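Architecture and fold: a report
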Amino acid sequence: MFNNKELFKTSFQEQLVSRLGKSIEEATAGDIYKILGSLIREYVGRDWAETNRAYKVQQEKQVYYFSMEFLIGRLLGNNLLNLGMLETVREGLEELGWNLEEVEEQEPDAGLGNGGLGRLAACFMDSLASLQYAGHGCGIRYKYGLFEQKIIDGHQVELPDDWLQKGNVWEERRADKKIEVRFWGHVKVWEENGRTVFDTVDYERVWAVPYDVPVIGYGAGHVNTLRLWSAESAMDPAKMRVEGQNSYYKFLDYNRSVESISEFLYPDDSGYEGKLLRLKQQYFLCSAGLISVLRTFDKLKLPYGKLPEKVAIHINDTHPTLVIPELMRLLIDEKGCGWDEAWDITTRTVSYTNHTLLSEALEKWPVGMVRELLPRVYMIIEEINKRFCGMLLKGDPHSQDLVSRMAVIESGQVKMAHLAIVGSYSVNGVAGLHTELLKNDVMKPFYELYPERFNNKTNGITHRRWLMHANPELSRLISESIGTRWISHPHQLLRLERFKDDASFRERVMDIKRGNKLRLASYIKQKQGIAVDPDSIFDVQVKRLHGYKRQLMNILHVMFLYNEIKDHPSAERVPRTFIFGAKAAPGYYLAKSIIKLINVVADAVNKDAQVNGKLKVLFLENYSVSLAEKIIPAANVSEQISTAGKEASGTGNMKFMMNGALTIGTLDGANVEMHDMLGDDNMFLFGLRSEEVLDYYRYGGYLARDVYRQDSRIKRVMDQLVSSGSFCCHEQEFGLIYQSILDHNDEFFVLRDFAAYAKTHAAMERVYLDQGAWASKSIVNIAHAGHFSSDCTINRYASDIWGIRPVTL
Ligand code: 26Q
């Protein structure tokens, strides 16, 4: 139907009439989206069932990727692309008087994630299905996604993201597969036939109802499942009467507490938010997900000892670490395994990815909270801890110090990273440098104990969304030049390198970039009423707002450039447009203050006629997956300027590279590997190395005030922060930023790296003047970006960690 335009048009119009009672002339864009989405959803139903049948019949090992976040964005365009129906549908709609892009805009973003970790999970889903692996996602169907950001008077204001308001055409509610999750209660222990039996009583029941979303693979008819759990009341109102007085209020309280479990995503991507509700969410995901996995496994009628051969459970950071004690609980209390057998099965089934080295982001839960909310699970964690510490002491009786550093429970807290390492067979970092720092610094004693568990899997991004869908003109040019094999073998993009000196190819690459810049410029004009020059350098930093990501260094440098232009008004300059996009955690005041600063500087710069034509600054509100798809293809320069050693990998860096932007960056995260491939000629590196940063932390020797005193450019911009001169509103507005640098000695080395940063920017600007040279570097970047396709990453997870092979249907 979708491969034949006429057939598509007919059935589309039929659906419009039968479902909405509307003709094509009467339909709104929202109607068109809804009908098209449901048509596709129904169309893939057969492949979906077929895929599940094949998995069952062939008894293939299944991977379940447990994640508190899946930042999938919109699905319509990508689903059409993966189904190979994009052009037919586009043309069909065109003939019916509708533009596909406009219809795509109707879809709300599924913003079920904060940033990199959530987006990585979404890219992995796409690669698993496209490479025909049996790999599924397991997450939470938050009623509200990450907050919607409005900028009001320069400040971030958070609004609820009511993404489900108009329904969700992609999901399938599976009430028949609901699962009971239990909280609170007391554990009763007794002996029965020589066995200790554990039974939890007086617990609270909650239904976990799965909503399944099809994950459509590219080209091959493979459809995996993203299963998102929603919490529902398990109390029967009919029984209320017998429970006596106040039962009505108890009922309402209970309902309210159940609803809150899957109500919203915690808007925090690093800070410690030790909230009971978050712990409830984590257990809800782990318990429902695991019980459902075991139900599927039970159909194979195999002994539990075979679980690791048929099931791999992967945990995306420590957020779903409770799968470890929960799997132990299910195996021991419900499936009759002994401790040793259960432990052997669990530690051969679970694998773990670490995404951060920041100590404040390592999860810890107060013992009391875990014990009360999850009494039986807590007992198991205690037992794991006891055995683990016992094992350490047995190896070395004098190692008490080491034991307390490595314990799972210590100082009244459960340390989730320790539990994740002890209870899994694989621990991976997300870029080479990050994994080395994990092994030799943060998790060193664990690496020494279990060297075989540690491995690196550098992150990746799906080239289907981030190149084919986001940048169709560039994709077309690539296919015209090197054929289409790169689509299934992204490494083949390397064949573009031979065009780097080809004048006409260079020109076409730059023309495509200009087209993308024009499109972004018109979006900006429409949203903010500001005209930007498509011939200026589009210099972009889009990512969550965090101290270590150093958006502050970027905006201070913009202030410096502004001062320069004002001081030397007649000097020739390459026009530049600085674009920012970032959400700050609502309780992270410093981050919010940096957002305000960017907006204040933007206002001052954009309304100053003297710099007009040379400098523009934009803060684009509500950065999200769909906005990223508009911004990234239009970027000339990608800002990846984190303090070395802090960014585990970064994935935005890869998206920009794939779209031909040149990076200005530090040797941090995956930038290191980008540099390995690109060399100094095709990337602009600057700043401290991670060893230098570590040395400063260890031995001191850095004084931000000295830099402030010695560098007049820095002194000037810092002073401008706190004086009501050119930028500032009132003197106190940016006091917090000023103090964080000068009173708290600049934790992220903003001033220390500033001079190198400014110098590298100047060098970059000079290269841009030679458009041929710039185009050549841009081509080299695109050519090497295939290495960062998540297909390559997933192939490595599949063979090194999960032990799975593609499944032929
Ligand atoms: C923890 C406790 C309580 C509430 C929230 C959290 C929390 C939530 C999200 C902690 C961390 C996160 C997300 C972290 C994250 O996105 N990390 C990024 O992961 C990317 C994928 O591996 C990397 O590329 C980035 O470098 C890393 O910052």
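Because the structure is a prediction, the values reported are computed rather than measured.

**Section: the overall build of the protein chain**
Within the protein chain, the secondary structure is distributed over 33 helices and 25 strands. Dimensions along the principal axes, computed over C-alpha positions, put the protein chain at roughly 90 × 75 × 60 Å. Counting every position in the protein chain, which comprises 809 residues, the buried fraction comes to 61%. For the protein chain, long-range pairs separated by at least 24 residues make up 76% of all intrachain contacts whose partners lie at least 6 apart in sequence. Total accessible area on the protein chain stands at roughly 31500 Å², and carbon and sulfur atoms take up 49% of it.

**With respect to the site of the ligand**
Residues in contact with the ligand amount to 22 residues; listed here are only the nearest, D268, H355, N459, E647 and G650. A distance of 3.3 Å is found between an oxygen atom of the ligand and a backbone nitrogen or oxygen belonging to A648. Relative to its free-state accessible area of 610 Å², the ligand is covered by the protein chains to the extent of 95%. When grouped by side-chain class, the residues that make up the shell around the ligand number five nonpolar, 10 polar and seven charged.

**A few points about a nonpolar patch on the surface**
The grouping of Y248, Y249 and L252 at the surface amounts to a nonpolar patch, some 340 Å² of accessible area in total. Within the fold, Y248 resides in helix α7 (residues 247–261). Taking the relative accessible area as the measure of exposure, Y248 reaches 44% and is therefore partly exposed.

**Observations regarding the packing of aromatic side chains**
Evaluation of the coordinates by the stated rule reveals 21 aromatic pairs. Ring centres 6.1 Å apart and planes at 80 degrees place the aromatic pair F560 and F754 in the edge-to-face group. Of this pair, F560 sits in helix α22 (residues 551–567) while F754 sits in helix α31 (residues 750–769); the two residues are 194 residues apart in sequence, bridging distant segments of the chain. The two residues F560 and F754 agree in class, both being buried. Ring geometry for F684 and W774: centres 6.3 Å apart, planes at 25 degrees, overall stacked. Taken together, the positions of F684 in strand β25 (residues 684–685) and W774 in helix α32 (residues 771–784) put the pair 90 residues apart, joining distant regions of the chain. Here a set of aromatic residues connected by ring pairs shows up, and it is made of Y65, F124, Y797 and W802. Stacked on the ring of F538, the Lys or Arg K517 has its end atom at 4.8 Å from the ring centre. Its end group placed over the ring of W466, K655 keeps NZ or CZ at 4.6 Å from the ring centre.

**Looking at α7**
Over its 15 residues, α7 extends 21 Å from the first C-alpha to the last, a length consistent with the 21 Å expected when each residue adds 1.5 Å. Among all positions of α7, only S247, F251, Y254, N255, V258, S260 and I261 are buried. Check the buried side of α7 and you find it contacts β8 (179–183), β11 (204–216), β12 (223–233) and α8 (276–298).

**Re the sheet that holds strand β24 (residues 662–665)**
Taking strand neighbours across the sheet as the criterion, the six strands line up as β22-β21-β20-β23-β24-β25 in an open arrangement whose pairing is parallel. Every interior strand has two partners, whereas the edge strands, β22 (615–619) and β25, have only one. With six bridges connecting them, strand β20 (residues 537–542) and strand β21 (residues 576–581) associate as parallel partners. Looking across to β21, one finds that I537 is bridged to R576.

**Some words on the pairing of strand β14 (residues 350–353)**
Because side chains alternate across β14, one face comprises the buried residues V350 and Y352, and the other comprises S351 and T353, equally buried. As judged from the four bridges shared by strand β13 (residues 311–316) and β14, these two strands associate in the parallel manner. Residue pairing across strands places N316 opposite T353, the latter belonging to β14. Alignment of β14 against strand β18 (residues 426–429), held across three bridges, turns out to be parallel.

**What about the sheet that holds strand β16 (residues 409–410)?**
With respect to topology, three strands assemble into an open sheet ordered β15-β17-β16, the strand pairing being antiparallel. If you trace the sheet from one side to the other, it starts and ends with β15 (364–366) and β16, each paired once. Sheet topology places β15 next to strand β17 (residues 413–415); three bridges connect them, and they run antiparallel. In the strand pairing of β17, W365 is matched with V414.

**Some points on the pattern of salt bridges**
Taken as a whole and judged by the stated rule, the model has 56 salt bridges. Taking the shortest distance from any N to any O, the salt bridge between R173 and E232 comes out at 2.5 Å. You can see R173 sitting in strand β7 (residues 172–173) and its partner E232 sitting in strand β12, a full 59 residues away along the chain. One salt-bridge network, in which partners are shared between bridges, spans K5, E6, K9, E91 and E95.

Reading guide: rules and limits
- Numbering of residues starts from 1 in every chain and runs along the sequence as written.
- At least 70 in pLDDT is required for a residue's local features to be given in this predicted model, at least 80 for side-chain atom pairs to be given and counted, and no such filter applies to totals for whole chains, interfaces and linings, which use all residues.
- The side-chain numbers reported here are obtained from all heavy atoms of the structure, hydrogens and water having been left aside.
- Counting from the N terminus, the helices are the DSSP runs of H or I reaching at least four residues and the strands are the DSSP runs of E reaching at least two.
- For the exposure calls, accessible area comes from a 1.4 Å probe over protein chains only, and a residue counts as buried if that area is under 20% of its type's maximum, exposed if over 50%, partly exposed in between.
- The contact definition used throughout considers only heavy atoms, calling two residues in contact when any of these lie within 4.5 Å.
- The protein chains shown are the only cover counted for residues, whose accessible areas, like all others here, come from Shrake-Rupley with a 1.4 Å probe.
- Proximity is defined per residue: if any heavy atom of the residue lies within 4 Å of a molecule or strand, that residue is considered near it.
- Under the rule applied, a polar contact is a pair of N or O atoms within 3.5 Å (in protein, one hydrogen donor and one hydrogen acceptor; residues adjacent in sequence only if both atoms are side-chain atoms).
- Each residue gets one label: Ala, Val, Leu, Ile, Met, Phe, Trp, Tyr, Cys and Pro are nonpolar, Asp, Glu, Lys and Arg are charged, and the others, such as Gly, are polar.
- A patch consists of residues whose relative accessible area exceeds 30% and which take part in no salt bridge; residues with like charges are grouped when within 9 Å of each other, and nonpolar side chains (Val, Leu, Ile, Met, Phe, Trp, Tyr) when within 5 Å.
- Counted as salt bridges are all cases of a side-chain nitrogen of Lys or Arg within 4 Å of a carboxyl oxygen of Asp or Glu.
- A pair of Phe, Tyr and Trp rings is counted when the ring centres sit within 6.5 Å of each other, with Trp represented by its six-membered ring. The angle between the planes then sorts it: under 30 degrees is stacked, over 60 is edge-to-face, the rest tilted.
- Counting as a charge over the ring demands two things of the Lys NZ or Arg CZ atom: a distance within 6 Å of the ring centre and an angle within 35 degrees of the ring normal.
- Multiplying 1.5 Å by the helix residue count minus one yields the expected span of that helix.
- Strands were regarded as paired on the criterion that DSSP finds at least two bridges between them.

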